[in-house]
Amino acid sequence: MQVLCKSSNDHVETNCSVCGQGFVLFWERQTKMEKATALQEIARTLRGHHDRIGGPDAHPNRGFLVPEWNGPVAFSGAAILGNAPSWAL
């Protein structure tokens, strides 16, 4: 299961606990339990972005996947099944 995360200031679904940057999330279909687990993994990933850089600049400008995937973001299940708009890719 993947989640496509894109930094945003509007309609955010989660925030980085380090810098407060907001993120819109595009999900593959999942249960409430899977979603709760994914939110924990997203929080860990967002904190990990701050290992070397402080502030919102620590996060990728473009959309990124959790868990990380080496293929094109546009072809991820999260982007396709979550109906991600082109601005999120």
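Analysis parameters
- Residues numbered from 1 in each chain as written.
- Predicted model: local features only at pLDDT ≥ 70, side-chain atom pairs only at ≥ 80, totals over all residues.
- Heavy atoms only, no water.
- Helix = DSSP H or I, 4+ residues; strand = E, 2+ residues; numbered from the N terminus.
- Buried < 20%, exposed > 50% of the residue type's maximum accessible area, 1.4 Å probe, protein only.
- Contact = heavy atoms within 4.5 Å.
- Areas by Shrake-Rupley, 256 points an atom, 1.4 Å probe, with all protein chains shown as cover.
- Pairing = 2+ DSSP bridges.
- Axes fitted to C-alpha atoms, helices over the stretch in contact; angles between N-to-C directions.

Caption draft 1: Here's a closer look at the overall build of the protein chain. Each helix and strand counted, the protein chain has 2 helices and 4 strands in total. Counting across all 89 residues of the protein chain, residues that qualify as buried make up 38%. If you take every contact in the protein chain between residues at least 6 apart in sequence, the share linking residues at least 24 apart comes to 56%. When the accessible area of the protein chain is evaluated, it comes to approximately 5,600 Å², of which 50% is carbon and sulfur surface.

Caption draft 2: The sheet that holds strand β3 (residues 22-27), seen in detail. With antiparallel pairing, the 4 strands of this open sheet are ordered in space as β2-β3-β1-β4. On the outer flanks of this sheet lie β2 (14-15) and β4 (64-66), each paired with one strand and no other. In the sheet, strand β1 (residues 3-8) pairs with β4 via 3 bridges, with the strands oriented antiparallel. Residue pairing for β4: C5 is matched across the bridge by F64. Most of the contacts of helix α1 (residues 32-48) go to β3, to which it runs at about 140°, and overall it touches β1, β2, β3 and β4.

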